[in-house]
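What follows is each chain in one-letter form.
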Amino acid sequence: MTKNRQIDIEALRKFLKEQTPATKIYIGGDSKRVKVDGVWYADYTTVVVVHMNGNNGGLVFGQSVRERDYDQVKNRPRMRLMTEVYKISELYLQIADIIENFEYQIHLDLNSKDIHASNIVVKEAIGYIRGTCNIDPHIKPDAWAASFVADRLHDIWYNTAAQRALKIKATA
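Residues numbered from 1 in each chain as written. Predicted model: local features only at pLDDT ≥ 70, side-chain atom pairs only at ≥ 80, totals over all residues. Heavy atoms only, no water.

This brings us to the environment of R80. Tracing the backbone shows R80 in helix α2 (residues 78-99). Assessed through its relative accessible area of 12%, R80 is described here as buried. On a C-alpha basis, the gap between R80 and K24 in space is 28 Å, while along the polypeptide they are 56 residues apart. Filtering out sequence-adjacent residues up to four positions away, R80 remains in contact with S31, K32, R33, A42, Y44, D69 and D71. Among the polar contacts made by the side chain of R80, one reaches the side chain of S31 at a distance of 2.7 Å. (Helix = DSSP H or I, 4+ residues; strand = E, 2+ residues; numbered from the N terminus. Buried < 20%, exposed > 50% of the residue type's maximum accessible area, 1.4 Å probe, protein only. Contact = heavy atoms within 4.5 Å. Polar contact = N/O pair within 3.5 Å; in protein donor to acceptor, adjacent residues only side chain to side chain.)

Below, the structure is given as structure tokens:
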């Protein structure tokens, strides 16, 4: 089993104290389904992206946890996607007091188009974030902190790109 990782909230707090009011904060998350010893799990990765001065590069704070995935139908991942939303909301609530003086956004890795499996939870996910965080979240294609940053951080931590390359090489 993979080691869970947590954001060092104090390190985030210290880093933000050094930033100007023009700094922007983006909170997002992603999840991926993995099978370990015949059992399905979901890796949930959530991130806080600090865009320094709104134009001077950035720093990513991230966390990840692997939990059992109970979705019965792979292409209808309602439980996994809503758990992803809950984790993003929980992260926001943990840091709300330290980001309140900055412009911030919440990004959800969901797509409203019917051809995508994530469309099944778009309305309830947006409603949940509005209700718990009092903010309108961004969804694809405007949710880059979720779609790209959290996704890439997961791949780095779990080295999934290397694993995929090995599988392709082994089958060739």
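This next bit is on the pattern of salt bridges. Between side chains of opposite charge, a pair can form as their charged atoms come close. For the structure shown, the criterion picks out 10 salt bridges. With a closest N to O distance of 3.4 Å, E10 and R13 form a salt bridge. Separated by three residues within a single helix, E10 and R13 lie in helix α1 (residues 9-17), roughly one turn from each other. With its nearest N and O atoms 2.2 Å apart, the salt bridge here joins R78 to E124. (Salt bridge = Lys/Arg side-chain N within 4 Å of Asp/Glu carboxyl O.)

Next up on the list: the side chain of H107. Residue placement: H107 occurs in strand β4 (residues 103-107). Within polar-contact distance, the side chain of H107 engages the backbone nitrogen of W144 at 3.4 Å. Apart from residues no more than four positions distant in its own chain, H107 is found in contact with Y26, I27, G28, G29, I88, H138, D142, A143, W144, A145 and A146.

Taken together, the buried positions of α1 are L12, F15 and L16. Down the axis, α1 shows its buried residues gathered within 95° of arc, on one side only. Every exposed residue of α1 that faces more than 90 degrees away from the buried side is listed here: E10, K14 and K17. Where α1 is buried, its residues meet β1 (24-36), β2 (39-51), β3 (58-68) and α2. One side-chain oxygen of the residue at the start of α1 lies 3.1 Å from the amide nitrogen of E10, identifying that residue as D8. (Arc of directions from axis to C-beta.)

It is worth spelling out the packing of aromatic side chains at this point. Following the criterion strictly, the structure yields four aromatic pairs and no others. Ring geometry for F15 versus F61: centroids 6.0 Å apart, planes at 55°, classification tilted. Highlighted residues: F15 in helix α1 and F61 in strand β3, separated in sequence by 46 residues. On the basis of relative accessibility, which here comes to 15%, the residue F15 falls in the buried class. Residue classification places F61 among the buried residues on the basis of a relative accessible area of 13%. Where Y26 meets W144, the ring centres are 4.6 Å apart and the plane angle is 55°; that geometry is what we call tilted. Residue Y26 is found in strand β1, and its partner W144 is found in helix α4 (residues 144-158); the two are separated by 118 residues along the sequence. Judged by relative accessible area, which is 9%, Y26 ranks as buried. The ring centre of W40 lies 4.1 Å from the NZ or CZ of R33, which sits over that ring. When the ring centre of Y44 is taken as origin, the NZ or CZ atom of K87, which lies over that ring, is 5.5 Å away. (Phe/Tyr/Trp six-rings, centres within 6.5 Å; stacked < 30°, edge-to-face > 60°. Lys NZ or Arg CZ within 6 Å of the ring centre and 35° of its normal.)

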